[in-house]
Amino acid sequence: MTEAPVLTIDGPSGAGKGTVSRLVARRLGWRFLDSGAIYRALAWAARRRGVDLNDADAVARVAGEMELEFICDDDVKVLVDGEDVTDRLQTEECGRIASKIAAYPQVRRALLDKQRAFRRPPGLVADGRDMGTVVFPDAPYKVFLTASAEERARRRYLQLKAQGLDVNLDQIIKDLEERDRRDREREESPLVPAKDAVVIDSSDLSIDEVVDRVLALLPETVKSSSGATASSGSGGEDQLRRN
Ligand code: DC
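A. Here's a closer look at the sheet that holds strand 3 (residues 68–72). If you trace the 3 strands from one edge of the open sheet to the other, you get 3-4-5, paired in antiparallel fashion. The open sheet has two free edges, formed respectively by strand 3 and strand 5 (83–84), since each of these has just one partner strand. Judged from the 2 bridges that link them, strand 4 (residues 76–80) and strand 5 form a sheet pairing that is antiparallel. By the bridge assignment, leucine 79 is partnered in strand 5 with aspartate 84. Relative to strand 4, helix 2 (residues 35–48) is tilted by about 35 degrees, and along the sheet it contacts strand 3, strand 4 and strand 5.

Here it is as structure tokens:
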């Protein structure tokens, strides 16, 4: 049996991966994997269990033990050990811990099968840092979505402000650069474009323009069997959200 097709969308924080991946998945009628949410869920579960976050083996054990469930309605809910933690995974602190524990090779290995299990018909859009390089290296369609650091920080700033949070742009830039550096420089599965990925810079593009460029990479046969249209107007917000 041939495997379900996968479209991988990798890139740094704030490039628009999350919003674009969800919209593309919806247009194609495919499943969606937010792999960052898995690392965030593990960060949360490890903290919850009081595990020493510097102990890579202990954190990897939590990856094997935790019960993870994604409930996909209009929005995606993440349940860890039966508890809805969706909102708690969005904090800057959770992102920072996720980035730290994501550097442990044992942790990445422990999460591989959980991620690959999302590959099911009719297809999968997978959003992350190493989707095209490590988790789904044989994916037929690969995108590396990026944007300037200033633009990514600006989007994050506007998003947090819209949530009513008291935020500081300089601090956001500092956090973003630190997380980028750690994700890019780690030895295991660093954030790099796959050799066969198409690089899209979203700095000056609207969401619909990015979605259209991504969909243009897929053959018409795939889109028509999924019922996707090539035109814009996906109903996406014009401001790119987190990721
Ligand atoms: O995409 P995100 O901000 O939710 O991801 C949180 C952290 O998880 C990110 O800083 C690095 C890590 N991550 C990873 O190492 N590999 C992935 N495929 C996805 C996320």
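Okay, back to it.
B. Spotlight on the pattern of salt bridges. For the coordinates displayed, the defined rule picks out 20 salt bridges. With a shortest N-O distance of 2.2 Å, arginine 156 and glutamate 92 are connected by a salt bridge. Linking arginine 156 in helix 7 (residues 149–162) with glutamate 92 in helix 4 (residues 92–101), this pair joins segments that are 64 residues apart in sequence. A residue is classified by how much of its surface remains accessible, and arginine 156, at 10% relative accessible area, is buried. For glutamate 92, a relative accessible area of 28% corresponds to the partly exposed category. Between lysine 142 and aspartate 196 there is a salt bridge; the shortest N-O distance is 3.1 Å. Separated by 54 residues along the polypeptide, lysine 142 in strand 7 (residues 141–146) and aspartate 196 in the loop between helix 8 (169–185) and strand 8 (198–201) bring together distant segments of the chain. Since its relative accessible area comes to 6%, lysine 142 is described here as buried. What makes aspartate 196 partly exposed here is its relative accessible area of 46%.

The rules we used
- Residues numbered from 1 in each chain as written.
- Predicted model: local features only at pLDDT ≥ 70, side-chain atom pairs only at ≥ 80, totals over all residues.
- Heavy atoms only, no water.
- Pairing = 2+ DSSP bridges.
- Helix = DSSP H or I, 4+ residues; strand = E, 2+ residues; numbered from the N terminus.
- Contact = heavy atoms within 4.5 Å.
- Axes fitted to C-alpha atoms, helices over the stretch in contact; angles between N-to-C directions.
- Salt bridge = Lys/Arg side-chain N within 4 Å of Asp/Glu carboxyl O.
- Buried < 20%, exposed > 50% of the residue type's maximum accessible area, 1.4 Å probe, protein only.

Distances and angles like these do not, on their own, reveal function.
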